Amino acid sequence: GAGVSQSPRYKVAKRGQDVALRCDPISGHVSLFWYQQALGQGPEFLTYFQNEAQLDKSGLPSDRFFAERPEGSVSTLKIQRTQQEDSAVYLCASSLLSGNQPQHFGDGTRLSIL
Amino acid sequence: GESVGLHLPTLSVQEGDNSIINCAYSNSASDYFIWYKQESGKGPQFIIDIRSNMDKRQGQRVTVLLNKTVKHLSLQIAATQPGDSAVYFCAGMNYGGSQGNLIFGKGTKLSVKP
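Keep in mind that what you see is a predicted model, and the values were worked out from it rather than measured.

Peer 1: Any details on the sheet that holds strand E7 (residues 65-68) of chain A? Residues and values, ideally.
Peer 2: The pairing of strands in a sheet happens through backbone hydrogen bonds and is either parallel or antiparallel. Residue and element names in this part refer to chain A. Read from one edge to the other, the open sheet built from four strands follows the order E1-E3-E8-E7, with strand pairing classed as antiparallel. Every interior strand has two partners, whereas the edge strands, strand E1 (5-7) and E7, have only one. Mean inter-strand twist for the sheet, computed between neighbouring axes without regard to direction, equals 15°. When E1 meets strand E3 (residues 19-24), the two strands line up antiparallel, connected through three bridges. Across the sheet, residue Ser5 finds its bridge partner in E3, namely Asp24.

Take a look at the structure:
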C-alpha cells in the first residue's frame, strides 16, 4: 500500500492476556519504529529496526514487551501478561533510510486493557 | 538528553488568520526537526522538516523557523483553514540510540473558528 498499515485498529484484552500488534511499513523502507502514545501526550519511542536487525530497544518499558521484524518488512509488537498501564495507542513509523529522514506513521492500534 | 516541549497547549484562531505554534528543545546536539499534524483517531502526519544548517524552510502555506541560539522552532500556517484543526507536534531527532528516534513534545491543539 501507499502508507504504513497497522492492524488491528482496536484491541481490547483482559489483564493478563497476551496481545500482538502488526505493522506493515511502506514498501522498501529500511527503518521501522514503534512508539507508544498515551492519551493527550506525544508519542514515545519504544524500539527501532534497521531491516531485520533490532538496533535499539531502549524504550521498551519492561521485558513483557517484545518486537520482531524477521524478514525486514512486517513487524510485530507483542505484549505479554498485559496490564492496565499498557493501555495506549501503539504507533508504527517507517523511513526510507536511517538517520535524518522523515518518519511516516500509521494510524496506530488503540489497545485497551480491562 | 533531549526534551521537546511546546509553549501553549491550545491555540484558537479565526479562519483566514495566520497561526504560529512554538516549540523549545533542550539538546543542542539535535540537528533535525519535524512538525507533525495529528487528527483525532489518526497517526501523526508529516508536515515539514528542517535541518540545523537552515534557519527557515517553507512549504505549502507552512513555514518552519529554527533559532539555534535560543533552541526554539516555530510552525507558521498561513491563511488557516478549518481543515487545519488538529494537534500539532514538534519532534527532534535523538541520537542517544543507535540511529536516532524522534522525541516529541506534548502537542498544541489548534482550533480554527469559521
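Peer 1: Give me the lowdown on the state of the cysteines, citing residues and values where you can.
Peer 2: In a disulfide, the sulfur atoms of two cysteines are held together by a covalent bond. Residues and elements named next belong to chain A. Inspection of the entire model under this criterion finds two disulfides over all chains. Note on cysteine connectivity: Cys23 is disulfide-linked to Cys92, with sulfurs 1.9 Å apart. Taking the torsion about the sulfur-sulfur bond, which here is approximately -70°, the covalent link between Cys23 and Cys92 counts as left-handed. Of this pair, Cys23 sits in strand E3 while Cys92 is found in strand E9 (residues 88-95), placing the two residues 69 residues apart along the sequence.

Peer 1: Please give an account of the pairing of E3 of chain A that cites residues and values.
Peer 2: All names here are of chain A. Burial along E3 is one-sided: Val19, Leu21 and Cys23 are buried, and none of Ala20, Arg22 and Asp24, which face the opposite way, are. Where E3 meets strand E8 (residues 75-79), five bridges bridge the pair, whose relative direction is antiparallel. Within E8, the position partnered with Val19 by the bridge is Ile79.

Peer 1: If you had to explain the packing of aromatic side chains to someone new, which residues and values would you point to?
Peer 2: Scanning all chains against the criterion turns up 12 aromatic pairs over all chains. Relative to Phe33 of chain B, the ring of Tyr25 of chain B lies with its centre 4.6 Å away and its plane at 45°, an arrangement referred to as tilted. As far as the burial class goes, Tyr25 of chain B and Phe33 of chain B line up, both buried. Seen in terms of ring centroids, Phe89 of chain B and Phe104 of chain B are 6.1 Å apart; in terms of plane orientation they differ by 85°. Their pairing is edge-to-face. Of the two residues, Phe89 of chain B is situated in strand E9 (residues 86-94) and Phe104 of chain B in strand E10 (residues 101-104); the sequence distance between them amounts to 15 residues. Both residues of the pair, Phe89 of chain B and Phe104 of chain B, count as buried. Directly above the ring of Tyr10 of chain A sits Arg9 of chain A, whose terminal nitrogen or CZ lies 5.5 Å from the centroid.

Peer 1: Let's hear about the interface of chain B and chain A: which residues, and what values?
Peer 2: Every contact between the two is made by 24 residues of chain B and, on the other side, 24 residues of chain A. Here chain B and chain A share an interface that buries about 1800 Å² over both sides, 50% of which is from carbon and sulfur atoms. Across the contact surface, chain B and chain A share zero salt bridges. In this structure, the connection of chain B to chain A is made through seven residue pairs in polar contact (both at pLDDT 80 or more). Contributions of two or more residues to the side of chain B that touches chain A are made by strand E4 (32-38), strand E5 (45-51), E9 and E10 of chain B.

Peer 1: Explain the environment of Gln6 of chain A to me, using residue names and the numbers behind them.
Peer 2: All names here are of chain A. Considering the arrangement of structural elements, one finds Gln6 in strand E1. Residue Gln6 is classed as buried on the basis of its relative accessible area, which comes to 7%. It is 4.6 Å that separates the C-alpha atoms of Gln6 and Cys23, two residues lying 17 residues apart in sequence. Beyond its immediate stretch of four places on either side in the chain, Gln6 contacts Arg22, Trp34, Tyr90, Leu91, Cys92, Gly106, Asp107, Gly108 and Thr109. In terms of polar contacts, Gln6 uses its side chain to reach the backbone carbonyl oxygen of Tyr90, at 2.9 Å. For Gln6, the side chain forms a polar contact with the main-chain nitrogen of Cys92, separated by 2.9 Å.

Reading the values: the criteria
Residues numbered from 1 in each chain as written. Chains lettered and ligands numbered in written order. Predicted model: local features only at pLDDT ≥ 70, side-chain atom pairs only at ≥ 80, totals over all residues. Heavy atoms only, no water. Pairing = 2+ DSSP bridges. Helix = DSSP H or I, 4+ residues; strand = E, 2+ residues; numbered from the N terminus. Axes fitted to C-alpha atoms, helices over the stretch in contact; angles between N-to-C directions. Disulfide = S-S within 2.5 Å. Buried < 20%, exposed > 50% of the residue type's maximum accessible area, 1.4 Å probe, protein only. Phe/Tyr/Trp six-rings, centres within 6.5 Å; stacked < 30°, edge-to-face > 60°. Lys NZ or Arg CZ within 6 Å of the ring centre and 35° of its normal. Contact = heavy atoms within 4.5 Å. Buried area = accessible area lost by both parts, 1.4 Å probe. Salt bridge = Lys/Arg side-chain N within 4 Å of Asp/Glu carboxyl O. Polar contact = N/O pair within 3.5 Å; in protein donor to acceptor, adjacent residues only side chain to side chain.

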